[in-house]
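Structural characterization, general
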2 protein chains.
Amino acid sequence: MEQDKERIYKLCELFDSKEASKESEEELKELLKPYKDGSIGIAQINPKAGDIEYNASKIVKYISHAQNIGLDLVVFPELTLMGYPIEDTIDRHPIIVEENVKWLKEIARITTTTTALVGFVEPRLYNNLTGKKYYNSVAVLSGGKIQSIIRKSLLPTYSEFNDYRYIEPSPVVGSQPGETLGNFDVDKVVDGSKINLVNSKTYGISICEDCWNNKEFFNDTTLYSLDPIEELSKEKPDVFINCSASPTRAKKEQLKHNMLSFISKKYSTPIVYVNQVGAIDNSSFDGSSRVFDGDGKLLARAKSFTEQFLIVNPHKGLGKIYPLTKGLEQTLTEAKIYTLEYEPDLERTYKTIIQGIRDYFNKTGFKRAVLGLSGGLDSTVCAVLLADAIGAENVFGVSMPSKITSKESKSDAAELASNLGIHFTEASIKDMVETTNNSLQNLFKTVEEKWNCRYKESFTQDNIQARSRAMFLWGISNEFASCLPIATSDKSELYMGYATINGDMSGGFAPIADVPKTKLFALARWLNNNRHVKNAIPEAIILKKPGAELAIDPKTGKPLIAEDALMPYEFLDEIIWRIENKKEHYYDMLSSEFLYEKNNAVSKEQKIQWLDKFYRRMSTALYKWSILPPSVIVDSRSINKYDYKQPITSSGINYKGLSQDDIESKILSFMK
Amino acid sequence: MEQDKERIYKLCELFDSKEASKESEEELKELLKPYKDGSIGIAQINPKAGDIEYNASKIVKYISHAQNIGLDLVVFPELTLMGYPIEDTIDRHPIIVEENVKWLKEIARITTTTTALVGFVEPRLYNNLTGKKYYNSVAVLSGGKIQSIIRKSLLPTYSEFNDYRYIEPSPVVGSQPGETLGNFDVDKVVDGSKINLVNSKTYGISICEDCWNNKEFFNDTTLYSLDPIEELSKEKPDVFINCSASPTRAKKEQLKHNMLSFISKKYSTPIVYVNQVGAIDNSSFDGSSRVFDGDGKLLARAKSFTEQFLIVNPHKGLGKIYPLTKGLEQTLTEAKIYTLEYEPDLERTYKTIIQGIRDYFNKTGFKRAVLGLSGGLDSTVCAVLLADAIGAENVFGVSMPSKITSKESKSDAAELASNLGIHFTEASIKDMVETTNNSLQNLFKTVEEKWNCRYKESFTQDNIQARSRAMFLWGISNEFASCLPIATSDKSELYMGYATINGDMSGGFAPIADVPKTKLFALARWLNNNRHVKNAIPEAIILKKPGAELAIDPKTGKPLIAEDALMPYEFLDEIIWRIENKKEHYYDMLSSEFLYEKNNAVSKEQKIQWLDKFYRRMSTALYKWSILPPSVIVDSRSINKYDYKQPITSSGINYKGLSQDDIESKILSFMK
């Protein structure tokens, strides 16, 4: 029996690697016979947003396979046919909604004995429409027909989610007849069972957020009053199914794991959770679809960050648990409080970004990347990630020394490139900087004659260097096919606006924009220990203090160190972490001890200076956030503009607040 | 009596121009005595997002004035204390919500005999919270206390609006006691009247979107099932008040005017609509607050695009109608169908952008602008708008000729600058382009050795020119205080991706990113006819065919004309207009006649070629939209990323769709 299971999963993996044959399908069908009643194929696929034909081609292949091997059911992620998220596209180009319905109907026709759950955008096609024009729906297909429809009730509209912009929440939980396609309304709720019978088993089907609202699990603090799972449980389905498209973020695995386990245990009902995989723009979906049995115990879990067809039978104990990214398992039982410990999150971080890069390139048709290699940490980690994501042969690293650039920076960059096997060359920016400066000096003089506001000290020289480098990289991108330049800014520096517009922060993609500097150091060490090629990153790069090598520090005569211009990265990153994860404000932070303070003496004046600098710089960095290239969201919170929106003109916010007395006296002065 | 009214408005304007004195207030109070019962001051103010102290200073001044002149009521726009929109800021920095409550309580204390309606973000401070953490509320302040609270029920979440991200819709319409501040819940609805008594009159108060859901007016197609105005009408208030923050967009005035008139007439109840003015980032609020009497007739309307304190009494016919921007009045009675006629919208367009620029600069602390003057239409119109928005002395135009640049381009630019009175200089990019090319040729050779994918024809040369210019402009911005470079891309070109990254599309602000080229031509003519200085734009600039002067057309030996690279702008702009306003798709457009076709013979092949080119280019322009600098939304729809979101990786969308037969045969092929 156990041997049979092993063989089943071997054969399943054949399908994943596109090596399944008629023979292997026949063998699999035979082996699955004892598990047929209640068998489910979890189709963890990677769709393209709006590319219905591409998505349909996958759906059809998985359905065909499921039918060939005689499964009861095959389930796909949320909005599979359209890809999630599709955002406002459905409003401006309604034809793609019409198309997805046409495709859905044709896909229904190929279903015979296996039932398929396929997510799609459902137009609400009636006169006197109240509400938004669309539902986020799942169709239950079998016997050549659309048997029934399930509509999403809880619409996440926060962070990276914008469901409520163009989707109407369904007032009804669970299944409605297939004939209601496009014509469902609260006035037309069809009585009868809201769960679905497939062969001998009943299924309570919900969509993503619908299962994230258990009042008990969330300590009575929930986003919605309706709990669709609670509603479905009243009909006592044999199994819950949740079709999902849930991106990975730091600490989310812990939440998801425990919540799904809690639900299945609470209702003594197994839950099958099928998640999208792959990245769409800034959101990276981790897959890791899973099944918990009726006791809340994990029965099966699909791989992370890869497409997979996972066969399970929750009634007969059929399921395989593939590992999470290393380190994540140990976080599942941690207290819910976030910690600043990076180690358990590094493989997830790595895979999240790798997938983000790969899918951005694949889905936009780009193949190659070019980036500046400064010998510093940011560009180094970007180079490693790119090599692993799109292949070393598709990455070109360019060392672009100026007169400030040290010999070590050049040799470190060359060594890194050689270790990675990426292409490498050196191209001096000296001539460009000189010519630009010559041209600009005259121009500046002319401007100064009219405007009496020239800075005594400016960052103009620093920026000319960074922009000259970007000019080279964009030049290569323009001259060679399918080639994107890479923006190497990290999260700590973006918070501080310590990044040059049209310089290092410009590019077609920004791989590490959601990774703070101290985590990058940890990631660099992790990469050296865990990649197939060990120690690709020269130790010297990890040991050196970060600095942009754009200016000389007059005090030392050496290139300026970033921490001197900003503050210690360990301190900076903890401010960011406290704001993003604990929503702390200025005085919260001033009055509590930072990790940095445990090992370093920091005077109160110094701490105030750093906190003031942080808020001052962040307020003026908002514009830079708004023009940041596409990136991958990695952390539990980010500054990615598709995740976090703050008006640029909000630079007048007082993050410290005022006392009641101060407010009172200010009001009195306003009255004068 | 009429003379008194004239005098009242004279004295009101004194306050607006900050010239009110104790004496003028006394005189006003005296004149207002016959109008006191039911008198309302409409405080049309321009807040800063999140700058509570700044906003409070205005609120306090207006309340004091209202009390000094003995008004019954003074009403402020939606979320006045916080500024609208504040977006996700309240979630990440909850301290600003605490602050706005502290300020609100202190402001309440200064109210004596006049009642003030002040918008604020209300935290929902209870255990076991269901829903989002905040309400969008209005406090009714008088007698030193918060008398009652009104919460917004309908939350716009589409286009530029994101209310539902962090705001909970109120299940209860109308007024609840002041003691419920922060502790209101559906379980705790307090019985009693939902309208407010102020002296002798009752008021039904609602917030913005709450009054945009009349089923009759919108032909039974509404976004929400609840109609707060209908609910309030049941208690027969003497007046409706709507506190609003509603940005201007093309054709919106028509909708707003007719809807408010309809509501007041339907319920035989006057409506007072107070709107925010000023711009916050990409949204420009037009003010134009207004009052309709109980017959649906316009009684008063505040000025557009400027702060104002407008005094009205709907019961006694006190009110003054200030004009809309020229041309708009004639559109009010037009059929609802959008038209491509630009003329009536030009002054509104002008003022919308002027305000957008001015407030972006003011609210971020910038003062000066530098832009490239090519002698072409885009940079020309930008220069005029900048001169009018921030003052000619604060604008520097730089002509940056290359070897392709014609003499005329240089002299046209110089003439324009002189007409406008802006600063002007010339700075050749020849050296920079040459040096960059020299550096790049070697680099390209090295890359070519590794990557066998160099383009035979590329845009590298074009882009180097555009980027060299941006390098100059950003250099000036870095070297001189409070100076922003300007991105001059227009809407037509952004749709086509016909703009250079880090070149003409880079800048601190993009004034005309939502103005299509053909409208820009109309706007240029309008500016020449309507500005204080006539004909500032040289006729030659308006007459020349647009082209970037970045490359020579091998066919003509002259600089390439944009329309040859793209398609006729008249045709292009109609595609954009049809998609944005009528949601037409490929075949809709192929089968209907364009205005361009009325005057030009266009073969079907040609039309197909243009449409194909449009969709192909638009699909790859999505990335450029995502990194576009802040801009002003002008049209009824836009590509501004804070207004329209489409995944960049959705480039696989088939905008033509497929026939059912095609889909069927494709599905069969996928099954193989």
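About the cut-offs
Residues numbered from 1 in each chain as written. Chains lettered and ligands numbered in written order. Predicted model: local features only at pLDDT ≥ 70, side-chain atom pairs only at ≥ 80, totals over all residues. Heavy atoms only, no water. Helix = DSSP H or I, 4+ residues; strand = E, 2+ residues; numbered from the N terminus. Rg over C-alpha atoms; globule rule 2.2 N^0.38 Å. Buried < 20%, exposed > 50% of the residue type's maximum accessible area, 1.4 Å probe, protein only. Areas by Shrake-Rupley, 256 points an atom, 1.4 Å probe, with all protein chains shown as cover. Lys, Arg positive; Asp, Glu negative; His and termini not counted. Charge placed at Lys NZ, Arg CZ, Asp CG, Glu CD. Contact = heavy atoms within 4.5 Å. Buried area = accessible area lost by both parts, 1.4 Å probe. Salt bridge = Lys/Arg side-chain N within 4 Å of Asp/Glu carboxyl O. Pairing = 2+ DSSP bridges. Expected span 1.5 Å × (residues − 1). Core = buried A, V, L, I, M, F, W, Y, C linked by side-chain atoms within 4.5 Å. Polar contact = N/O pair within 3.5 Å; in protein donor to acceptor, adjacent residues only side chain to side chain. Least-squares fit on C-alpha atoms with pLDDT ≥ 70 in both. Axes fitted to C-alpha atoms, helices over the stretch in contact; angles between N-to-C directions. Phe/Tyr/Trp six-rings, centres within 6.5 Å; stacked < 30°, edge-to-face > 60°. Parallel < 35°, antiparallel > 145°, perpendicular 65-115°, else oblique. Left-handed = near helix turned anticlockwise from the far one by under 90°.

Our next topic: the overall build of chain A. In terms of helices and strands, chain A carries 22 helices and 21 strands. Here the C-alpha radius of gyration of chain A, 28 Å, is about what a compact globule of 672 residues would show, namely 26 Å. In terms of principal-axis extent, the alpha carbons of chain A reach across some 80 × 70 × 50 Å. When the 672 residues of chain A are sorted by exposure, 68% land in the buried category. Of the roughly 23400 Å² that chain A leaves accessible, carbon and sulfur atoms contribute 50%. The averaged location of the 90 negative side-chain charges in chain A is 2 Å from the averaged location of its 84 positive side-chain charges.

A word on the interface of chain A and chain B. For an interface, size is often stated in terms of accessible area lost upon the parts coming together. On the chain B side, the residues contacting the 146 residues of chain A number 146 residues. Carbon and sulfur atoms supply 62% of the area buried between chain A and chain B, which totals about 13100 Å² over both sides. If you look at where chain A meets chain B, you find 12 salt bridges. Here arginine 637 of chain A ties to aspartate 91 of chain B by a salt bridge, and the two come within 3.3 Å at their closest N and O atoms.

Here the focus is the pairing of strand 13 (residues 277-280) of chain A. Residue and element names in this part refer to chain A. One ladder, built from 4 bridges, connects strand 13 with strand 14 (residues 283-286); its direction is antiparallel. Across the sheet, residue alanine 279 finds its bridge partner in strand 14, namely serine 284. Between strand 13 and strand 14, which pair antiparallel and follow one another directly, the connecting turn spans 2 residues, one of which, aspartate 281, has a positive phi of 55°.

Turning our eyes to something else, we now look at the environment of isoleucine 627 of chain A. By the secondary structure assignment, isoleucine 627 of chain A is in the loop between helix 21 (604-626) and helix 22 (660-671). Taking the C-alpha atoms as reference, isoleucine 627 of chain A lies 8.7 Å from isoleucine 501 of chain A; in sequence the two are 126 residues apart. Contacts of isoleucine 627 of chain A, omitting those with residues within four sequence positions, involve Ile501, Met505 and Lys641 of chain A together with Ile627, Leu628 and Pro629 of chain B.

Here helix 10 (residues 377-390) of chain A contains 14 residues, and its C-alpha end-to-end distance of 20 Å stays within 8% of the 20 Å for a straight helix at 1.5 Å per residue. Among the 14 residues in helix 10 of chain A, 14 count as buried, and that is most of the element.

Moving on: the pairing of strand 12 (residues 271-275) of chain B. In regular strands, side chains alternate between the two faces of the sheet. Residues and elements named next belong to chain B. The buried fraction of strand 12 is high, at 5 of 5 residues. Sheet topology note: the strand 11 (residues 239-244)/strand 12 ladder contains 5 bridges and is parallel. Within the sheet, the bridge partner assigned to isoleucine 241 lies in strand 12 and is valine 272. Judged from the 3 bridges that link them, strand 12 and strand 15 (residues 290-292) form a sheet pairing that is antiparallel. For tyrosine 273, the partnering residue across the bridge sits in strand 15 and is arginine 290.

Turning next to the nonpolar core. By size, the foremost hydrophobic cluster in this structure holds 356 residues, and its most contacted members are Phe614 of chain A together with Phe614 of chain B. In this view, phenylalanine 614 of chain A contacts Tyr495, Met496, Met567, Leu572, Ile575, Ile576 and Ile579 of chain A; residues no more than four positions away in its chain are not counted.

Locating threonine 649 of chain B in the fold gives a position in the loop between helix 21 (604-626) and helix 22 (660-671). Classification of threonine 649 of chain B as buried rests on a relative accessible area of 1%. Polar side-chain contacts of threonine 649 of chain B include one of 2.8 Å to the side chain of aspartate 281 of chain A. For threonine 649 of chain B, the residues in contact, after removing those within four places along its chain, are Ala49, Ile280, Asp281, Asp359, Tyr360, Lys363 and Thr364 of chain A.

Once turned by 180° and shifted 0.0 Å along the axis, chain A lies on chain B with an RMSD of 0.0 Å. On this basis, the relationship between the two copies can be described by a two-fold rotation axis. Relative to the rotation axis, the closest C-alpha in chain A is found at isoleucine 627 of chain A, a distance of 2.2 Å. Looking at chain A, 100% of its interface residues are interface residues in chain B too, so the copies touch through the same face.

The first and last C-alpha atoms of helix 5 (residues 95-110) of chain A sit 24 Å apart over 16 residues, in line with the 22 Å expected at 1.5 Å per residue. Of all 16 residues making up helix 5 of chain A, 12 are buried, and the element is well covered by its neighbours. Turning to helix 5 of chain A, its buried residues number three or more, namely Ile95, Ile96, Val97, Glu99, Asn100, Val101, Trp103, Leu104, Glu106, Ile107, Ala108 and Ile110 of chain A. Contact partners of the buried residues in helix 5 of chain A: helix 3 (52-68), helix 4 (89-92), strand 3 (115-123), strand 4 (134-142) and strand 5 (145-151) of chain A together with helix 22 of chain B.

All names here are of chain A. Taken in spatial order, the 7 strands line up as 8-5-4-3-2-1-17 in an open sheet, and their pairing is mixed. Of all strands in the sheet, those bounded by a partner on one side alone are strand 8 (175-177) and strand 17 (308-312). Pairwise comparison of adjacent strand axes, ignoring direction, gives a mean angle of 30° for this sheet. Judged from the 5 bridges that link them, strand 1 (residues 40-44) and strand 17 form a sheet pairing that is antiparallel. Counted as the bridge partner of isoleucine 42 is leucine 310 from strand 17. Sitting on the sheet, helix 3 is in contact with strand 1, strand 2 (73-75), strand 3 and strand 17, with an inclination near 30° to strand 17.

As enumerated under the stated definition, the model contains 49 aromatic pairs over all chains in all. Ring plane angle 45° and centroid distance 5.3 Å describe the contact between tyrosine 350 of chain A and tryptophan 526 of chain A, whose orientation is recorded as tilted. One end of the pair, tyrosine 350 of chain A, is in helix 9 (residues 346-364); the other, tryptophan 526 of chain A, is in helix 15 (residues 517-530), and 176 residues separate them in sequence. Taking the relative accessible area as the measure of exposure, tryptophan 526 of chain A reaches 9% and is therefore buried. Ring geometry for tyrosine 158 of chain B against phenylalanine 161 of chain B: centres 5.6 Å apart, planes inclined by 80°, an arrangement best described as edge-to-face. Take tyrosine 158 of chain B and phenylalanine 161 of chain B: they sit in the same class, and that class is buried. Joined through ring pairs, the aromatic side chains of Tyr495, Tyr586, Tyr587, Phe614, Tyr615, Trp625, Tyr644 and Tyr655 of chain A make up one cluster.

Before going further, it helps to spend a moment on the sheet that holds strand 16 (residues 298-301) of chain B. Through backbone hydrogen bonds, the strands of a sheet pair up, either in parallel or in antiparallel fashion. Residues and elements named next belong to chain B. The strand order across the open sheet built from 6 strands is 9-10-11-12-15-16, with neighbouring strands paired in mixed fashion. The open sheet is flanked by strand 9 (196-198) and strand 16, the only strands paired with a single partner. The average angle at which neighbouring strand axes cross in this sheet is 25°, direction not considered. Relative to strand 11, strand 10 (residues 201-207) runs parallel, the two sharing 5 bridges. Paired with tyrosine 203 across the bridge in strand 11 is valine 239. Here helix 7 (residues 252-266) sits on the sheet in contact with strand 11, strand 12 and strand 15, set at roughly 40° to strand 15.

With respect to the helices, strands and loops of the structure, threonine 331 of chain A is situated in helix 8 (residues 328-331). Apart from residues lying up to four places away in sequence, threonine 331 of chain A is in contact with Lys251, Gln254 and Pro344 of chain A.

Excluding glycine, most residues fall at negative phi; most peptide bonds, likewise, are trans. Residue and element names in this part refer to chain A. The amide bond that connects tyrosine 84 to the next residue, proline 85, takes the cis arrangement and shows omega of 0°. Along the polypeptide, proline 85 turns up in the loop between strand 2 and helix 4. Positive phi values are uncommon outside glycine, yet phenylalanine 305 reaches one of about 60°. By secondary structure assignment, the location of phenylalanine 305 is in the loop between strand 16 (298-301) and strand 17. You will see that serine 482, though not glycine, has its phi angle at about 55°, which is positive. Under the relative-accessibility criterion, serine 482 is labelled partly exposed at 22%.

What follows concerns the packing of helix 13 (residues 460-479) of chain A against helix 12 (residues 430-450) of chain B. It is the contact of helix 13 of chain A with helix 12 of chain B, at a shortest axis distance of 10 Å, that shows an interaxial angle of 60°. For the element pair helix 13 of chain A / helix 12 of chain B, the angle class is oblique. Seen from above, helix 13 of chain A lies across helix 12 of chain B with right-handed handedness. Contacts between helix 13 of chain A and helix 12 of chain B involve Met471, Phe472, Gly475, Ile476 and Glu479 of chain A from the first element and Met432, Thr436, Ser439, Leu440, Leu443, Phe444 and Val447 of chain B from the second.

All names here are of chain B. Within the fold, glutamate 160 resides in the loop between strand 6 (157-158) and strand 7 (161-162). For glutamate 160, the contacting residues outside a window of four places in its chain are Glu87, Pro247, Arg249, Ser283, Ile633, Tyr642 and Asp643. Only 2.8 Å separates the side chain of glutamate 160 from the side chain of arginine 249, close enough to count as a polar contact.

Here we come to the pattern of salt bridges. Counted according to the given criterion, the structure contains 94 salt bridges over all chains. Lysine 491 of chain A is the salt-bridge partner of aspartate 635 of chain A, the closest N and O atoms lying 2.8 Å from each other. A residue pair is termed long-range when its members are at least 10 positions apart, and aspartate 635 of chain A in the loop between helix 21 and helix 22 and lysine 491 of chain A in helix 14 (residues 491-495) qualify at 144 residues. Neither residue differs from the other here; aspartate 635 of chain A and lysine 491 of chain A are each classed as buried. Ionic pairing is found between glutamate 539 of chain B and arginine 525 of chain B, a salt bridge with its closest N-O pair at 3.2 Å. Remark: arginine 525 of chain B occurs in helix 15 (residues 517-530) and glutamate 539 of chain B occurs in helix 16 (residues 539-543); sequence separation between them is 14 residues. Within the structure, one salt-bridge network assembled from shared partners comprises Arg92 of chain A together with Asp345, Arg348, Lys491, Asp514, Lys519, Glu580 and Asp635 of chain B.

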